[in-house]
Amino acid sequence: MFINATGYYVPQQRVSNEYFLDVNGLTSEWIVQRTGINSRSKCSDTENVNTMGIEAIEDAIKGLPYDIKDVDLIVAAHYCCYDSVATLAHEAQRAFGINGAKAVYVSSACSSFINGLEVIEGYFASGKATKALLVCSEHNTYYSNEADPKSGHLWGDAAVAFFISKERVADTDVRILDVFTEGLGDVGRGPGGVCLKPKTEGITMPDGRDVFIHACRYMIHALKHSLDNTGLNQEDIKYLITHQANKRIVAQVAKQLERPMEHFINNIEELGNTGSASAPLVFAQNRDKFAKGDKVALMVFGGGYSCGCFIVEN
């Protein structure tokens, strides 16, 4: 598979750490020390999952080497939603007039984007699609309880869009070397580690320590699977991008892999935890950083639990 174009949208509004002192009693120093977050992105009153997703697609179209109407598969992959019936995939199909395309929604917490890639891989392998649009949009602040001292200060909003093809269509295409995912519902707190119950509780993280331990372990687990699948060594990977849940998780993964932090690219300091959009968003934001031939690994861990990795060659 090949990435033909990427785009993203991040709301302009930023919420600084100082805001939370009066809301949940946490100081900026405490938040930075434990999460690495200085600010987080937040939707305006007129923005939502769908509007951000459409903006990200508009951004990706600028570099798309074919007509968007050539897309025959649209996959929305995320856990926040504006409407669980008319999904972002269907809204995108309508907004851009993508007649005849299949439109589906995939969710596996913060690994949703990579699960979406795997769904596309399956459609391509079965011969039922050749060009796909993968869009991921998370409106975490709509669901978060800012007064919650455990996780109310973590969340940010953003959207990302990738156009994917079965065959290479342009010299600028990025090749996807491997896609790996795994469900981990039977591990640790599993389905109770991170929860989103829109009507009663919003988004919560009852046991951050359990999430931390398993996120570090299973992102490395996913990376090793992808390396084995491709025959690559860790040293072949120029840059690593993890799910942007906590800067300490990134540091711990770097320590366990014995890789310096300069090989890890992050945006959590400014944007907070943007959910399943976070790792692909970092990739899309840093496309200009990657030289021809550079290999980049994206590792994720999601509440529920789940993990995934995909490796690309620029």
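Up top you'll find the structure we're talking about.
One structure accompanies this document, and this report is about it. What you see is a predicted model, and the numbers here were worked out from it, not measured in a lab.

So, how was this worked out
- Residues numbered from 1 in each chain as written.
- Predicted model: local features only at pLDDT ≥ 70, side-chain atom pairs only at ≥ 80, totals over all residues.
- Heavy atoms only, no water.
- Buried < 20%, exposed > 50% of the residue type's maximum accessible area, 1.4 Å probe, protein only.
- Helix = DSSP H or I, 4+ residues; strand = E, 2+ residues; numbered from the N terminus.
- Pairing = 2+ DSSP bridges.
- Expected span 1.5 Å × (residues − 1).
- Contact = heavy atoms within 4.5 Å.
- Polar contact = N/O pair within 3.5 Å; in protein donor to acceptor, adjacent residues only side chain to side chain.
- Core = buried A, V, L, I, M, F, W, Y, C linked by side-chain atoms within 4.5 Å.
- Axes fitted to C-alpha atoms, helices over the stretch in contact; angles between N-to-C directions.
- Salt bridge = Lys/Arg side-chain N within 4 Å of Asp/Glu carboxyl O.
- Phe/Tyr/Trp six-rings, centres within 6.5 Å; stacked < 30°, edge-to-face > 60°.

**Considerations on the pairing of strand 7 (residues 157–165)**
- Here strand 7 lies mainly inside the structure; 9 of its 9 residues are buried.
- Burial along strand 7 is two-sided: Asp-157, Ala-159, Ala-161, Phe-163 and Ser-165 facing one way and Ala-158, Val-160, Phe-162 and Ile-164 facing the other are all buried.
- Summarising the sheet, strand 1 (residues 2–9) and strand 7 pair through 7 bridges and their orientation is antiparallel. Residue Phe-2 lies in a different strand from strand 7, and its bridge partner there is Ser-165.
- Note that strand 6 (residues 131–139) and strand 7 share 9 bridges and pair antiparallel. The partner of Glu-138 across the bridge, within strand 7, is Ala-158.

**A closer look at helix 3 (residues 49–61)**
- Given a rise of 1.5 Å per residue, 13 residues ought to cover 18 Å, and the 19 Å separating the end C-alpha atoms of helix 3 matches this to within 8%.
- On its buried side, helix 3 packs onto strand 1, helix 4 (88–96), strand 6 and strand 7.
- At the N-terminal boundary of helix 3, the capping side chain belongs to Asn-48, with an oxygen 2.9 Å from the backbone nitrogen of Asn-50.

**Re the nonpolar core**
- Ile-57, Phe-163, Val-253 and Phe-301 are the most contacted members of the largest nonpolar core, which totals 70 residues.
- Ile-3, Leu-117, Ala-132 and Ala-284 belong to the second largest nonpolar core, which has 35 residues in total.

**Examining the sheet that holds strand 4 (residues 73–77)**
- Taken in spatial order, the 9 strands make up an open sheet running 5-4-6-7-1-8-13-12-11, and their pairing is mixed. Each edge of the open sheet is held by one strand with a lone partner, namely strand 5 (102–106) and strand 11 (239–242). Put simply, the sheet's adjacent strands are angled 20° from each other on average, direction ignored.
- Along the sheet, helix 4 contacts strand 4, strand 5 and strand 6; its crossing angle with strand 4, the most-contacted strand, is approximately 140°.

**Thoughts on the side chain of Ser-144**
- As for its position among the elements, Ser-144 is in the loop between helix 6 (140–143) and strand 7.
- Setting aside its immediate chain neighbours within four residues, Ser-144 contacts Trp-155 and Ile-203.

**Some points on the environment of Asp-207**
- Here Asp-207 lies in the loop between strand 10 (202–204) and helix 7 (208–230).
- Between the C-alpha atoms of Asp-207 and Tyr-9, which are 198 residues apart in sequence, the distance is 30 Å.
- Those residues within four positions of Asp-207 in sequence are excluded, and the remaining contacts are Arg-189 and Gly-193.

**Observations regarding the pattern of salt bridges**
- In total, this model carries 7 salt bridges according to the counting rule given.
- For Glu-313, the salt bridge identified is with Lys-295, shortest N-O distance 3.5 Å. Here the residue Glu-313 occupies a position in strand 13 (residues 306–313), and Lys-295 occupies one in strand 12 (residues 295–302), the gap between them amounting to 18 residues.

**Describing unusual backbone geometry**
- With an omega of -15°, the peptide bond between Gly-304 and Tyr-305 qualifies as cis.
- As for its placement among the helices and strands, Tyr-305 is situated in the loop between strand 12 and strand 13.
- A positive phi angle, near 55°, is found at Ala-109, a position not held by glycine.
- Note on placement: Ala-109 falls in the loop between strand 5 and helix 5 (112–125).
- For Glu-258, which is not glycine, the phi dihedral falls at a positive 60°.
- For Glu-258, the location among the structural elements is in the loop between helix 8 (247–257) and helix 9 (268–271).

**Describing the packing of aromatic side chains**
- Considering all chains together, one arrives at 8 aromatic pairs under this definition.
- Plain terms: the ring middles of Tyr-19 and Phe-20 are 5.1 Å apart, the flat faces sit at 85° to each other, and that makes the pair edge-to-face.
- Judged by relative accessible area, which is 38%, Tyr-19 ranks as partly exposed.
- Summarising the aromatic geometry, the rings of Tyr-239 and Phe-290 are spaced 5.5 Å apart at their centres and angled 55° between planes, so their arrangement reads as tilted. Taken together, the residues Tyr-239 in strand 11 and Phe-290 in the loop between helix 10 (278–285) and strand 12 connect sequence positions 51 residues apart.
- Taking relative accessible area as the criterion, Tyr-239 reaches 11% and is therefore assigned buried.

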